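One letter stands for each residue in the lines below.
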Amino acid sequence: MGKMNIVIIDDQKTNLLLVESLIKGQGFTDTQSFTSPRDALEYCQNNAPDLVILDYMMPDMDGLDFLEAFRTLTQCHDVPVVMVTADHERQLCYRALKAGVNDFLTKPIDRYEFEARFNNMVMLRRHQQDLKARTLLLESEIENATLKICEREQETIMRLANAAEHRDPETGAHIMRMAHYSKLIAAQLQLSKEEQQTIFMAAPMHDVGKVGISDTILLKPGRLTSEEFNKIKTHTEIGFRILADSPSELLQCAALIARSHHEKYDGSGYPRGLAGEDIPLVGRICAVADVFDALTTERPYKSAWTVDEAFASLRKGRGSHFDPQCVDAFLNSREEIMQIRKLYQDDPAEQEKAV
């Protein structure tokens, strides 16, 4: 019938031997017998039983006292318990049922009644174990399915981000550096691990709206006119419209970033002229990450700034262009920033293509 851990509690050794014998007669040999309920409780704290056969009339701690303490143990809240008693009072039965007893046996124990009730409790425990096993399997399958959905979602986001970058003179490494910088700031701000990962995956979508900007403007080698620059600005709202209204938390975050990463802390940014904490935190984070990478990356129309020059620019914009806390979080992470720059360098072929 399989192995089960059965705990027997009775202050009379004769009764323990009798119950042990009856259980062995049903094919179970793994029993733990206790004359002290307190010793039994200590054992159950470290060894979850599958079935408990419990005498009611015991000194110091009776069966109900034991049961109430037993049910508070996390691993024992659903373990079947059979109470053995010579007391026929209804009030005792009510209290025992309320405390979590599953069945009763009366003294003297009748062999045939014991076998029937014992086997019913064994069957109950088997069903519980089967249900737990199926639940764990289902949870594992759901977790794997969810992981695959997240992986596909992340792949889609990266492909959309790459599509936007291919229409812009920036390289693919830019989105990876910018994503890592954003996660770095989020970590310094003590956002949760989940929030950090969401920002990391959503940040590459910051310029997805550029797919809606004409090549004649987006790829213009010379200085943009005021009208052309205003057209460029619309990529924030285009990106927001592409990503908004999704049930995905990741895409909702990406939509906020796309719309708000060009806002400025003093309210002079675009598209809505938000200021201070009215700008979504993810937008404030990505603004620092995006500008730093833009400054330190060579483009056809400019040379790359040194890290020190870019840091100085961020300090200068602290409180006007940028959220002071986001700037401080970034500037305190110089070592990690240098590692990210080294790991995600622009491909020379991409740079030539961008020129």
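It should be noted that the structure appears before, not after, this text.
Residues numbered from 1 in each chain as written. Predicted model: local features only at pLDDT ≥ 70, side-chain atom pairs only at ≥ 80, totals over all residues. Heavy atoms only, no water.

### Remarks on the overall build of the chain
At step 1: Helix and strand content of the chain: 16 helices and five strands.
At step 2: A compact globule built from 355 residues would reach a C-alpha radius of gyration of about 20 Å, whereas the chain, at 34 Å, exceeds it by more than 25%.
At step 3: The buried share of the chain, reckoned over its 355 residues, is 45%.
At step 4: Put simply, of all contacts in the chain between residues at least 6 apart along the chain, 64% involve residues at least 24 apart.
At step 5: Accessible area for the chain stands at about 19100 Å²; split by element, carbon and sulfur atoms hold 51% of it.
At step 6: Averaged over its 41 positive side-chain charges, the chain has a centre that lies 4 Å from the centre of its 55 negative ones. (Helix = DSSP H or I, 4+ residues; strand = E, 2+ residues; numbered from the N terminus. Rg over C-alpha atoms; globule rule 2.2 N^0.38 Å. Buried < 20%, exposed > 50% of the residue type's maximum accessible area, 1.4 Å probe, protein only. Contact = heavy atoms within 4.5 Å. Areas by Shrake-Rupley, 256 points an atom, 1.4 Å probe, with all protein chains shown as cover. Lys, Arg positive; Asp, Glu negative; His and termini not counted. Charge placed at Lys NZ, Arg CZ, Asp CG, Glu CD.)

### Overview of helix H10 (residues 235–243)
At step 1: Along H10, the residues classified as buried are His235, Thr236, Ile238, Gly239, Phe240 and Leu243.
At step 2: Those residues of H10 that are buried are in contact with helix H9 (226–233) and helix H11 (249–260).

### Examining the pattern of salt bridges
At step 1: A full pass over the atoms with the stated rule returns 16 salt bridges.
At step 2: For lysine 107, the salt bridge is made with aspartate 10, and the minimal N-O distance between the two is 4.0 Å. Taken together, the residues span a long stretch of sequence, with lysine 107 in the loop between strand E5 (103–106) and helix H5 (111–166) and aspartate 10 in the loop between strand E1 (6–9) and helix H1 (13–25) at a distance of 97 residues.
At step 3: In the salt-bridge network here, residues are joined through shared partners; they are Asp50, Asp78, Arg125 and Lys132. (Salt bridge = Lys/Arg side-chain N within 4 Å of Asp/Glu carboxyl O.)

### Overview of the pairing of strand E2 (residues 31–34)
At step 1: Bridging between E1 and E2 involves four bridges; their strand directions are parallel. Its bridge partner being in E2, isoleucine 9 is matched across the sheet by phenylalanine 34.
At step 2: Taking the sense of rotation as the criterion, the β-α-β connection linking E1, H1 and E2 turns out right-handed. (Pairing = 2+ DSSP bridges. Right-handed = clockwise from strand over helix to strand, strands pointing away.)

### A look at empty space enclosed by the protein
Where empty space is left becomes clear once a probe the size of a water molecule has been rolled over the atoms.
At step 1: The tally for this structure, following the rule as stated, stands at one cavity of 30 Å³ or more.
At step 2: Taken together, Glu263, Tyr265, Ile279, Gly283, Arg284, Ala287, His321, Phe322 and Asp323 make up the full set of residues lining the largest cavity.
At step 3: Residue composition of the lining of the largest cavity, by class: four nonpolar, two polar and three charged. (1 Å grid on protein atoms, 1.4 Å probe; cavity = no way out; pocket = protein on both sides within 12 Å on 5 of 7 lines; lining within 4 Å. Points joined across faces, edges and corners; volume = space filled by probe spheres on them. Nonpolar A, V, L, I, M, F, W, Y, C, P; charged D, E, K, R; others polar.)

### A word on the side chain of histidine 235
At step 1: With respect to the element layout, histidine 235 can be found in helix H10.
At step 2: If we ignore the near neighbours within four places in the chain, the residues touching histidine 235 are His206, Asp207, Gly209, Lys210, Ile213, His261, His262 and Tyr270.

### Observations regarding the environment of arginine 272
At step 1: Structurally, arginine 272 can be placed in the loop between H11 and helix H12 (281–295).
At step 2: Through-space distance from the C-alpha of arginine 272 to that of tyrosine 112 is 81 Å; in sequence the pair is 160 residues apart.
At step 3: Ignoring any residue separated from it by four or fewer positions in sequence, one finds arginine 272 in contact with Glu237, Arg259 and Glu263.

### Things to note about the packing of helix H13 (residues 307–316) against helix H14 (residues 324–331)
At step 1: Look at H13 against H14: their axes get within 10 Å of each other, and the N-to-C directions meet at 160°. In terms of their interaxial angle, H13 and H14 are classed as roughly antiparallel. For the pair H13 and H14, the sense of crossing is left-handed. Facing Phe311, Leu314 and Arg315 of H13, the residues of H14 in contact are Val327, Phe330 and Leu331.
At step 2: Its residues placed into classes, the contact of H13 with H14 shows five nonpolar, no polar and one charged. (Axes fitted to C-alpha atoms, helices over the stretch in contact; angles between N-to-C directions. Parallel < 35°, antiparallel > 145°, perpendicular 65-115°, else oblique. Left-handed = near helix turned anticlockwise from the far one by under 90°.)

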